[in-house]
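Chain by chain, the residues run as shown.
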Amino acid sequence: MVEVEASPPLDLNDKASSPPHHAMSMVPNEGECAMGKRKDQGIGEPEGSRKKKKKQVATPRPACSWVHFSRDFIKEYSATHPESSGLKAATKAASDAWKLMDPEEKAKYTTRAREVWDKYLSSTPARAPKPRRQTKLVTRCSPGRLLNVLQRLTPDQKEAVKSMGFGSILGLRCRTLRRSLCLWLLERFNTVRRSLEICGERIPLTPRDVELVMGLPASGKDVVNSGSDELILELRKRYNATNRGISVRLLEERLAAPEAGEDFKRSFVLYVMGTLLCPTARLDVSPSFLHFLTNMDVLHQYNWGKFLLDRLVREISRFRQGKQLAVGGCLLFLQLFYYESVAVGAAYESAPVAFPCLFSWGEEEISEREKQEKELGGYGSGEVVCMERGLGMGSLGYKAQTDSMPLRAVEPMQELSHAQDMDDQEYEGTFTEQEHAHTDSIQGNVACAEIEVVTGSGGVPCGNIKYGCTEVVDYSKKRDHEEACAYAPRTCPLQNCNVVDSSKQLSLHFSSKHWDSGRRFQYDSPLRVSLSKKETFLVLQAEKDGVLFLLSKGTQSIGHTVVITCIGPVECFLYDVVSEKGSSSLRLKSFAHSFPGKIEGLPPVDFLLVPFSHLGSSEQLDLEICIWSSTEPGSE
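Residues numbered from 1 in each chain as written. Predicted model: local features only at pLDDT ≥ 70, side-chain atom pairs only at ≥ 80, totals over all residues. Heavy atoms only, no water.

An unreviewed UniProt entry annotates the protein chain as RING-type E3 ubiquitin transferase originating from Anisodus acutangulus.

## Here's the deal with the pairing of strand β11 (residues 527–531)
Only one face of β11 is covered, namely the one carrying L527, V529 and L531; the face carrying R528 and S530 has none of its residues buried. Where β11 lies against strand β18 (residues 621–627), five bridges are found, and the strand directions are antiparallel. Each residue of the ladder has a partner; that of L531, found in β18, is L621. (Buried < 20%, exposed > 50% of the residue type's maximum accessible area, 1.4 Å probe, protein only. Helix = DSSP H or I, 4+ residues; strand = E, 2+ residues; numbered from the N terminus. Pairing = 2+ DSSP bridges.)

## Some points on the pairing of strand β3 (residues 201–204)
Bridge count between strand β2 (residues 195–198) and β3: four bridges; the pairing is antiparallel. Bridge pairing in β3 links S195 to P204. Between β2 and β3, which follow one another and run antiparallel, lie two residues, and C199 among them has a positive phi close to 55°.

## What about the confidence of the model for the protein chain?
Residues shown with low pLDDT carry predicted positions that ought not to be read at fine detail. Confidence in the prediction for the protein chain averages 75 pLDDT; 72% of positions are at 70 or higher. Averaged pLDDT values over the elements of the protein chain bottom out at 36 in helix α17 (residues 424–455) and peak at 94 in helix α11 (residues 262–277). A low-confidence stretch, residues 1–45 (pLDDT under 50), is modelled with 29 contacts involving residues beyond four sequence positions or located in other chains. (pLDDT = per-residue confidence, 0-100. Contact = heavy atoms within 4.5 Å.)

## Comments concerning the environment of P155
Structurally, P155 can be placed in helix α6 (residues 155–163). When its relative accessible area of 62% is taken as the criterion, P155 is described as exposed. Along the primary structure P155 and A260 are separated by 105 residues, whereas in three dimensions their C-alpha atoms are 9.3 Å apart.

## So, the sheet that holds strand β12 (residues 537–542)
The strand order β10-β12-β13-β14-β17 describes an open sheet built from five strands, whose pairing is mixed. The open sheet terminates on both sides in strands that have one partner only, identified here as β10 (519–521) and β17 (608–611). Averaged over all pairs of adjacent strands, the angle between strand axes in this sheet comes to 25°, irrespective of strand direction. Here strand β13 (residues 548–555) pairs with strand β14 (residues 559–567) via eight bridges, running antiparallel. The residue bridging G554 from the neighbouring strand is T561, located in β14. (Axes fitted to C-alpha atoms, helices over the stretch in contact; angles between N-to-C directions.)

## With respect to the packing of aromatic side chains
Taken as a whole and assessed by the stated rule, the structure comprises 26 aromatic pairs. Seen in terms of ring centroids, W184 and Y379 are 5.8 Å apart; in terms of plane orientation they differ by 40°. Their pairing is tilted. In this pair, W184 sits in helix α7 (residues 179–187) while Y379 sits in the loop between α14 (363–376) and β5 (383–384), placing the two residues 195 residues apart along the sequence. You can call W184 buried: its relative accessible area is 14%. Note on F292 and W304: the rings are 5.3 Å apart at their centroids and 80° apart in plane angle, and the pair reads as edge-to-face. Remark: W304 occurs in helix α12 (residues 304–320) and F292 occurs in the loop between α11 and α12; sequence separation between them is twelve residues. With relative accessibility at 2%, the residue W304 sits in the buried group. A network of ring pairs unites the aromatic residues W66, F69, F73, Y77, W98 and Y109 as a single cluster. The positively charged end of R254 is found above the aromatic ring belonging to Y239, 4.5 Å away from the centroid. (Phe/Tyr/Trp six-rings, centres within 6.5 Å; stacked < 30°, edge-to-face > 60°. Lys NZ or Arg CZ within 6 Å of the ring centre and 35° of its normal.)

## So, the nonpolar core
Counting residues in each nonpolar core, the largest one holds 83 residues, and the members touching the most others are F166, L277, F292 and F333. Broken down by element, the residue count for this core peaks at nine residues, all from α11. Setting aside anything within four residues of it in sequence, one finds F166 in contact with V161, L216, F268, V269, M273, L277, L299 and W304. Residues L527, A542, Y575 and L615 belong to the second largest nonpolar core, which totals 27 residues. (Core = buried A, V, L, I, M, F, W, Y, C linked by side-chain atoms within 4.5 Å.)

## As for α14
Here α14 contains 14 residues, and its C-alpha end-to-end distance of 20 Å stays within 8% of the 20 Å for a straight helix at 1.5 Å per residue. Within α14 the residues assigned to the buried category are I366, R369, E370 and E373. For α14, the buried positions fall inside an angular range of 100° around the axis, keeping them on one side. Of the residues in α14, the exposed ones pointing more than 90 degrees away from the buried face are E364 and E375. Those residues of α14 that are buried lie in contact with α7, α13 (331–341) and β4 (342–343). Backbone geometry just after α14 places G377 at a positive phi near 115°. (Expected span 1.5 Å × (residues − 1). Arc of directions from axis to C-beta.)

## Details of the sheet that holds strand β16 (residues 584–592)
Across a sheet, paired strands are connected by hydrogen bonds in the backbone, their directions being either parallel or antiparallel. With respect to topology, four strands assemble into an open sheet ordered β11-β18-β15-β16, the strand pairing being antiparallel. Sheet topology places β11 and β16 at the edges, where each strand pairs with a single neighbour. Averaged over all neighbouring strand pairs, the angle between strand axes comes to 25°, with direction disregarded. Where strand β15 (residues 573–581) meets β16, nine bridges bridge the pair, whose relative direction is antiparallel. Counterpart to K581 in the pairing with β16 is S584.

## Some words on the environment of L309
Tracing the backbone shows L309 in helix α12. The exposure class of L309 is buried, given its relative accessible area of 0%. Once the C-alpha coordinates of L309 and V210 are considered, the two residues, 99 residues apart in sequence, prove to be 7.3 Å apart.

## Here's the deal with the pattern of salt bridges
When their charged atoms lie close together, side chains carrying opposite charge are able to pair. A full pass over the atoms with the stated rule returns 16 salt bridges. Residues E159 and K162 are paired through a salt bridge, measuring 3.9 Å at the closest nitrogen-oxygen approach. You can see E159 and its partner K162 sitting in helix α6, three residues apart, about one turn around the helix. For K162, a relative accessible area of 31% puts it in the partly exposed group. (Salt bridge = Lys/Arg side-chain N within 4 Å of Asp/Glu carboxyl O.)

## Examining the packing of α12 against α13
Interhelical geometry of α12 versus α13 gives an angle of 105° and a closest axis separation of 10 Å. By the criterion of interaxial angle, the relationship of α12 to α13 is roughly perpendicular. For the pair α12 and α13, contact is made by L308, L309, L312 and I316 and by L331, F333 and L334, respectively. (Parallel < 35°, antiparallel > 145°, perpendicular 65-115°, else oblique.)

## A short note on the side chain of S267
The topology assignment puts S267 in helix α11. What makes S267 buried here is its relative accessible area of 0%. Look past the residues within four positions of S267 in its chain and what remains in contact with it is Y239, L251, R254 and L255.

Here is the structure:
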């Protein structure tokens, strides 16, 4: 807008001094504009009265449609209203008239402005674009906010969290996201192939990787977060859900209460989803999550790994399409997946694999890792080791992870190229078929070997070769060896798990899949345990060697039977089990004999009988047990 030099006020009522045709001077013409510029430059002004020179644009920008209209209107208005008080009144009248005009009347001025603008663009050289700043990452994924809530949970609330299958979240240690790293990973995330393309490798992501990093189950029923609004109408009212969502602060207030019932469980899941696992671009929690919270008893049966990965891919896709400014999804998973998949530094080469990876990364560890990244020259300067960690490899990767192999250099994953365009289910299914084919091949070779050895002389492989036994024994002793073999198949003691494997692999399976479903203990040290009225067993796992034991409780006509068996090697472990009530106590010393699975009915070995009269009013069975590391217990 061109500035006009101040002049003595005009009296529009004085026709001699201000004839109507002079009113046109209210809208400056090109000559007056040039004169104004010369004045701004100090030409013709007394020395010392020059104003600070303003930066002038070489070619003025064209006026908009409103300016074109106002110029014509003010000319006409000043000519027809000589009694007007000046430019201010004319401009006010022009504004009122513009507001009352319909689009058709404004079209004339809009067209004129567009023509002038097009001419301006065609005659003005293009300006050099300004260097674009690095995009700032905006996300609602806030591990620090969740960590503050976790630190206030009571023991009962933590047990309730574990019962839903979210126990791994309690091990969260980091507070902040490394936004520069997340932004770098987002630029290299292929949403079609669901893979990270870093360090010259394409690393596919599967629900199993979510399980390894976050500790959430990657098997079970699909999570459904859609359906009829009538089914969640009551829940929406209970959580004051609006179209924007459920207030995060409301959930925090509910989680501050000490109760650990169903309302706490539902509020906790909503809060975890909205702040860490599946945040959206909004500040509030999506009310669609209420659909899978109608029945809290089946929450632990869902495939949370697949749900989290699906939501992450969807949110990144929406962000790239420009549909939202913030990035949704669990960016913490991407960050920790990168840390576990790319090794930096010599000390990393022999680092053991921890499960879930979430437990290994606190603020101190992340800061040290970031320091190493900077020393190497930035992100992507390390070496991809995800194949050794069991990450990015589907079901085969998970099996490799349970072997607890140390890290070492890996080959580029060229053998995965045939499955890169498949979705997660097809990808995992391809490897499952390969594993079965490989197992069948081994079994076929073993059968052929037995026939050859029987007709000739020498030994035969153990029948447990598919579980890891490499022994070759005399054919006549084959049956005896297999009965005492440390690799004899054993069944996972949990009801809903059908895994059958050797004792060693079953121990690793339990550590990774069911780590929050049992109790860890130390040999030669007393441990107090309690079994409620409905509990029939408790899995115990030794911290030293991972051997599994099963504390079984049976019910007879006069009381409960208690026995400890070993789901492991044939070696017998001596144990004590004591039940006390007041000054009286019941005690059993026996050997934890090897047993392949869960006991049904009366145990086949020695057991302790605890009468019902020995129990408290809650009918809870309180015991003190001690399992000795050898057959010779220490002195009492």
